Amino acid sequence: MCDRHGPDECVVALDVGGTGMKGALLDRDLRPMYTVRRPTPRSAGPEAVVSAITATLEELSRQARSSGLTVRRAGVVVPGIVDERTSRAIWSGNIGWRDLPLADLLEARSGLPVTLGHDVRAGGIAECALGAARGARDILFVAIGTGVSAALISDGHLVVGGGFAGELGHLIVEPQGTHCVCGARGCLETVASATAIATAYTARSARAVDGASDVAALLLDGDGDALAIWQRAAEGLATALFIATTMFGPELIVLGGGLAEAGDLLLEPTRAHLAERLTFQRPPRVVRAGLGDEAGCVGAGVYAWQAVCGTASILPPQLPRAQVPPA
Ligand SMILES: [Zn+2]
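Residues numbered from 1 in each chain as written. Predicted model: local features only at pLDDT ≥ 70, side-chain atom pairs only at ≥ 80, totals over all residues. Heavy atoms only, no water.

1. Observations concerning the overall build of the protein chain
Here is the rule: For helices the rule is a DSSP run of H or I covering at least 4 residues; for strands it is a run of E covering at least 2, with both sets numbered from the N terminus onward. Here the globule rule reads 2.2 Å times residues to the power 0.38, and the radius of gyration is calculated from C-alpha atoms. Only protein chains enter the area calculation, which uses a 1.4 Å probe; residues under 20% of their type maximum are buried, those over 50% are exposed, and those in between are partly exposed. In what follows, residue pairs with any heavy atoms lying within 4.5 Å of each other are defined as contacts. Where accessible areas are quoted, they stem from the Shrake-Rupley method and a 1.4 Å probe; at the residue level, only the protein chains shown are allowed to cover. Under the convention used here, Asp and Glu are negative, Lys and Arg are positive, and both His and the chain ends fall outside the count. Charged groups are reduced to one reference atom each: NZ for lysine, CZ for arginine, CG for aspartic acid, CD for glutamic acid.
Within the protein chain, the secondary structure is distributed over nine helices and 13 strands. For the protein chain, the C-alpha radius of gyration of 19 Å lies close to 20 Å, the compact-globule estimate for 327 residues. Overall size of the protein chain, expressed as C-alpha extent along the three principal axes, is 55 × 45 × 35 Å. Counting across all 327 residues of the protein chain, residues that qualify as buried make up 56%. Put simply, of all contacts in the protein chain between residues at least 6 apart along the chain, 63% involve residues at least 24 apart. When the accessible area of the protein chain is evaluated, it comes to approximately 13,200 Å², of which 53% is carbon and sulfur surface. Here the protein chain contributes 28 positive and 34 negative side-chain charges, whose respective centroids are spaced 3 Å apart.

2. With respect to the coordination of the zinc ion
Our working definition: Donor atoms are limited to N, O and S found within 2.8 Å of the metal ion, a distance that becomes 3.2 Å for Na, K and Ca. With water left out, some sites might look partial.
Here the zinc ion is held by His-170 (ND1), Cys-180 (SG), Cys-182 (SG) and Cys-187 (SG), and the distances to it run 2.0 to 2.3 Å. Between consecutive donor residues of the zinc ion, the sequence gaps follow H-x9-C-x1-C-x4-C. For Cys-187, a relative accessible area of 0% corresponds to the buried category.

3. Examining the sheet that holds strand β12 (residues 252-256)
Our working definition: When DSSP finds at least two bridges between two strands, those strands are taken to pair. Axis lines are fitted to C-alpha atoms, over the contacting stretch for helices. Their N-to-C directions set the angle, which ranges from 0 to 180 degrees.
Read across the open sheet, the five strands follow the order β11-β10-β9-β12-β13; overall the sheet is mixed. Single-partner strands in this sheet number two, and they are β11 (157-159) and β13 (285-288). Direction aside, the axes of adjacent strands within the sheet are offset by 25° on average. Strand contacts of helix α3 (residues 119-130): β9 (139-144), β10 (148-154), β11 and β12, with the helix running at about 50° to β10, the strand carrying the most contacts.

4. Quick notes on the domain arrangement of the protein chain
Just so we agree on the cut-off: Residue ranges for the domains trace back to a domain assignment, done automatically or taken from a database. Simply put, the buried area is the total loss of 1.4 Å probe accessible area from both parts when two parts are fitted together. The salt bridge criterion pairs a side-chain nitrogen of Lys or Arg with a carboxyl oxygen of Asp or Glu, the two atoms within 4 Å.
What the domain assignment reports for the protein chain is domain 1 (9-123 + 293-309) and domain 2 (135-288). A C-alpha centroid distance of 25 Å is found between domain 1 and domain 2. Counting residues at the interface gives 17 residues for domain 1 and 19 residues for domain 2. Contact between domain 1 and domain 2 buries roughly 1,300 Å² in total, counting both sides, with carbon and sulfur atoms accounting for 63%. Considering only the surface of domain 1 that becomes buried against domain 2, Ile-81, Val-120 and Arg-121 emerge as the three largest contributors, covering 45% of it. Counting the contacts that link domain 1 with domain 2 gives zero salt bridges.

5. Some thoughts on the packing of α3 against helix α9 (residues 295-309)
Stated formally: Throughout this description, any angle smaller than 35 degrees is read as roughly parallel, any larger than 145 degrees as roughly antiparallel, any in the 65 to 115 degree range as roughly perpendicular, and the remainder as oblique. Any residue outside Ala, Val, Leu, Ile, Met, Phe, Trp, Tyr, Cys, Pro, Asp, Glu, Lys and Arg is labelled polar, Gly included; the first ten of those are nonpolar and the last four are charged.
Running from amino to carboxyl end, α3 crosses α9 at an angle of 90°, the nearest separation of the two axes being 7 Å. With respect to each other, α3 and α9 are oriented roughly perpendicular. Residues Asp-119, Arg-121, Ala-122, Gly-123, Ile-125, Ala-126, Glu-127 and Leu-130 of α3 pack against Ala-295, Gly-296, Val-298, Gly-299, Ala-300, Val-302 and Tyr-303 of α9. When its residues are assigned to classes, the contact of α3 with α9 shows nine nonpolar, three polar and three charged.

6. Section: the pairing of strand β1 (residues 9-16)
Within β1, eight of the eight residues are buried, which leaves the element mostly enclosed by the surrounding structure. Residues Glu-9, Val-11, Ala-13 and Asp-15 point to one face of β1 and Cys-10, Val-12, Leu-14 and Val-16 to the other, with burial holding for every one of them. Across seven bridges, the pairing between β1 and strand β4 (residues 70-78) is parallel. Within β4, the position partnered with Ala-13 by the bridge is Gly-75.

In structure tokens, the structure reads:
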């Protein structure tokens, strides 16, 4: 990777999710030198989230100074519609901001130069660089957590669509289904996100759960309600993956985000339902992400280093580029 920067230089990388933030100081080879996790105060509104991001950037920056490291730049990746070219967070159903000049705001408040990116495109780039998608050229990376979103790498190129590409979570899989944060009904996100799985389980069984991981544990215990909810999520996910496979012909589908931590419990029914739907299409391999829920944070580091070094030096030439405006 980039050889113009020394071992005492790093970037601040921050992945802002709907539930929590994952931050790290990453060296020029994207190795973590320090990590931190903080909650995302989304119920307190967008302003509180911006303040929490700023505080976490400042904390990481202080940590770098006290370790004798020089921070070259911060990479911050967020969910929703992100226009990397203008550094604006255009829309997020889960966090609630609308057309926010987020990089400028964070630079003014933290004093750090900031590159803004999209959390799931960042995850896809990271999986290509260091994770389960190394060596592949046609990849769909799907992150399933509070929401559902995807990054499409087609013939080695990251598909951005002005920030609007990859919104797999808003493919409608149950036309008469429940209302989605986007305004439509029956989106994949209302069926197969970790949030939706937990909510649907409680609605069906009248038993409260802490999250989708609780539903997965109940499924292993033979709970019939958990099985029904889980099967519905896997079918919805397979329907969306079938559409994406038919449209884009990925050789590899990488499932990441918190729900993918369920491993074969998610992978096996998803593979089976997808295989049932395919006729002539090239069957993609469906695998679990290699970087777990760290992919977005590593990708935030890629955005930052690309802005520092230029796109030619941080990643091998066959890998997709983040869309990074000049630093
Ligand atoms: Zn939707």
